[in-house]
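Coordinates in review
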Amino acid sequence: MSTVITVPAPVPARIEPPQGEAEGSDTLATTLYATAARFEEFADRCTEMPTLGEWAGIAYRSYVEASSRAATEHAAMARTVRRVARGVTSFADTLRDLVREHDDLVGRKLILDARRGQLLSDINAATEATPAEVIELQGRATDLARDYDDLVADDAALRRRVRENETLLRQVFEAADTLGESTADDGGVPPLAAAALQRSGAPGSGASPRQVHDWWAGLSEAEREAVITAYPERIGQGDGLPASARDDANRVLLDDDLARLGAKEDDDTLSPLERRALENARRTNDALASADAYTDPLEPTSHPGGVLWLYDPTAFDGDGRVAVGVGDLDTAADVAIMTPGINTDMTGVGGYTENMINLYEATRFSGDGSSVATLFWLGYDAPDGPTDLATLTEGRAEDGGHRLADAIDGLRASRPDDPAHLTAIGHSYGSTTAAYATEHNSAVDDVVLVGSPGAGPADDAGDLGRGSGHVYVGRDSTDFVATLGDEGWVGKFGIGLGTDPSSEDFDATRFEAENVDRSWHLNTGSGHGSYFNSDTESLYNMGRVVDGHGGDVNVAEQSYDPWYAGPVDPEDDRQPTANTDGRSNTTGRER
């Protein structure tokens, strides 16, 4: 008795590639951004020249009216052309994703076709197959049929997304193809995006991060692409939205600034604020390139990827707001968000992104194998330096703490069903900011303060995060800034920003954070600025906390303040270590 084994057909016959070239679309977008710059320049010129010497009378009044009308119309045209250019940028970015998906599908089909060929060969060779062999062959045929069905479904989804991407681009152009539309407030906004933003819970409407999350979850894929294209500012700053969506939107804004402001630079028409914004954009672009190129040290073929979680280059009079991450913030098991201190603006984004690469690397090297994401967050107006009077007060830290708490809530709300182990890290003045953000805030699992001039509102570690068992402190004994916090009986004379978190009075877990190249005297250089350097005690111990193993840090003795003398740091006579187990190095960097 023969047995019939049905071998599935090799479907689909051909996986069609998406049409178009992303590079050509990028070129078109750059041209459109430059065109928008020209409209802006003309509008600015009309606004700046309302008077011409002693000219007066009816002709002069007509000139003023025409000049004002031209300024308004050209400014509106500039906004519309920028929206269209952003639509082209989004189309190109999505097209790249679709091409990658197509290539993956082609690779899957090649594997399935090879499996099918081998199955046919094995069936033809099994002239006297045993019942067990027949069952095995039938199982392979069933599995192959299921995998072909999945391939067909994924191919159909790809073709649908290709159509949606092309349709969205057409709608962007159609929404600005008349003079009236080009000068309208919503010129270039496709109807799909406008309708989606009117739904309850949309970002910018006053909705909570959880409501914003639910709003996004209720959108179709096409609607998501549409709102990213039309409203990148809102999506890029939408607390509660997935990090991937914010990254897509903020990269559209970044491309806009690089091309449009670059064109105005060529014409020498940049305002001082625009010049700072362009510098901020270029520094951010370089930082992202570094993060995107980084390779996971434990998986040489894996790029964790960079994330532009926040981008606002004109905020705070050009100091800017920015947050750059390394790793997948939407799925990582362990997430860290780090806040810097004084004298930090967007021009420093490259160095802080390198710090996040170092922290990612140290966490992976010394961790338990779990996935990791690290985020540098500069979302507040940090004091400009030691001469800035704001440095001596907690006002900026308190305001920044509220903003940081919102960012933490946004991270949490974006993953309500898959919470990460979340660590908040603050350095220098940023530690005071982090203390304000995490005061009685159980949304963070662990808190780390390094190089701290004081813990702000917290009298002791129990006031932060989930309590004293989850608060960690790193202090290099030569770090002058870390000596400023109030401590013991001398505390009443302190000039710092609250209690010294490394002290016995604060009662946090202090970890070893000495630099092997430490100076013999207190300083604000290497002693204060090396906490995130590769192969340091501090970086290793922070990696253990970020990985969720704070109980395994190398504990250091707390500082104390005896009644008969000034504050004492027991770490100042300990020999620092360099070869700590799990230490990181430059493996995985692309230079």
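Coordinates for the structure precede this section.
These figures come from a predicted structure and were not determined experimentally.

The rules behind each value
Note that residues are indexed from 1 along each chain, following the sequence as it is written. In keeping with the model being predicted, local features are shown solely for residues with a pLDDT of at least 70 and side-chain atom pairs are shown and tallied solely at 80 or more, while totals for entire chains, interfaces and linings include all residues. Only hydrogens and water are set aside; all other atoms, that is, all heavy atoms of the structure, feed into the side-chain values. Each helix is a run of H or I in the DSSP string that is no shorter than four residues. Each strand is a run of E no shorter than two, and both are numbered from the N terminus. By the convention used here, residues are in contact when the closest approach between their heavy atoms is within 4.5 Å. Surface exposure here means Shrake-Rupley accessible area, sampled with a 1.4 Å probe, where a residue is shielded only by the protein chains that are shown. Residues belong to a common nonpolar core when they are buried Ala, Val, Leu, Ile, Met, Phe, Trp, Tyr or Cys residues joined through side-chain atoms within 4.5 Å. Burial classes follow relative accessibility: with a 1.4 Å probe on protein chains only, a residue under 20% of its type's maximum area counts as buried, one over 50% as exposed, and anything between as partly exposed. Lines fitted to C-alpha atoms define the axes here, with helix axes fitted over just the stretch in contact, and angles between the N-to-C directions of these axes take values from 0 to 180 degrees. In what follows, roughly perpendicular refers to angles from 65 to 115 degrees, roughly parallel to angles under 35, roughly antiparallel to angles over 145, and oblique to any angle outside these ranges. In this scheme the crossing of two helices becomes right-handed for a clockwise turn of the near helix relative to the far one and left-handed for an anticlockwise turn of less than a right angle. Polar here means any residue outside two lists: the nonpolar Ala, Val, Leu, Ile, Met, Phe, Trp, Tyr, Cys and Pro, and the charged Asp, Glu, Lys and Arg; Gly therefore counts as polar. We call two strands paired when DSSP finds no fewer than two bridges between them. The definition of a right-handed crossover adopted here requires that, viewed with the strands pointing away, the path from the first strand over the helix to the second runs clockwise.

Scanning the protein chain for helices and strands turns up 15 helices and 8 strands. For the protein chain, the spread of C-alpha atoms along the principal axes amounts to about 100 × 95 × 45 Å. Long-range contacts, defined here as pairs at least 24 residues apart, represent 75% of the contacts in the protein chain between residues at least 6 apart. Accessible area of the protein chain: about 26000 Å², with a carbon and sulfur share of 51%.

Membership of the largest hydrophobic core comes to 79 residues, with the highest contact counts inside it found for Trp 309, Ile 337, Trp 377, Ile 425, Phe 532 and Met 542. Considering every element that reaches this core, the biggest residue donor is helix H11 (residues 349–366), with 7 residues. If we ignore the near neighbours within four places in the chain, the residues touching Trp 377 are Trp 309, Leu 310, Val 322, Ala 323, Ile 337, Met 338, Thr 339, Pro 340, Gly 400, Arg 403, Leu 404 and Ala 407. Ranked by size, the runner-up nonpolar core spans 20 residues in total, among them Ala 36, Phe 39, Val 172 and Val 252.

Time to look at the packing of helix H2 (residues 58–125) against helix H7 (residues 221–230). Running from N to C, H2 and H7 cross one another at 135°; their axes reach a closest spacing of 8 Å. Between H2 and H7, the interaxial angle falls into the category oblique. Between H2 and H7 lies a crossing whose hand is right-handed. Facing H2, whose interface residues are Arg 86, Gly 87, Ser 90 and Thr 94, H7 presents Glu 225, Ile 228 and Thr 229. Across the contact of H2 with H7, the residue classes tally to 1 nonpolar, 4 polar and 2 charged.

Moving on, we come to unusual backbone geometry. Cis geometry is adopted by the peptide bond preceding Pro 12, which originates at Val 11 and carries an omega value of -10°. Unlike most non-glycine residues, Phe 316 shows phi in positive territory, near 50°. Structurally, Phe 316 is set in the loop between strand E1 (306–312) and strand E2 (321–326).

Right, let's talk about the pairing of strand E5 (residues 421–427) for a bit. One face of the sheet, then the other: side chains in a regular strand alternate in exactly this way. Burial analysis of E5 places 7 of its 7 residues in the buried class, which makes it a mostly covered element. Sheet analysis places strand E3 (residues 334–339) next to E5, joined by 6 bridges and oriented parallel. In the strand pairing of E5, Asp 334 is matched with His 421. Alignment of E5 against strand E6 (residues 446–450), held across 5 bridges, turns out to be parallel. Bridged to Ala 424 within E6 is Val 447. A crossover connection joins E5 to the parallel E6 through helix H13 (residues 429–438); in handedness this β-α-β unit is right-handed.

The packing of two helices is summarised by the inter-axis angle and the distance between the axes. Contact geometry of H2 with helix H9 (residues 243–266) gives a least axis separation of 10 Å together with a crossing angle of 120°. Taken together, the axis directions place H2 and H9 in an arrangement best described as oblique. Where H2 crosses over H9, the two elements pack in a sense that is right-handed. Contact with H2, carried on its side by Arg 82, Arg 86, Thr 89, Ser 90 and Asp 93, involves Val 252, Leu 253, Asp 255, Asp 256, Asp 257 and Arg 260 of H9 and no other residues of that element. When its residues are assigned to classes, the contact of H2 with H9 shows 2 nonpolar, 2 polar and 7 charged.

These results come straight from atomic positions and should not be treated as a statement about function.
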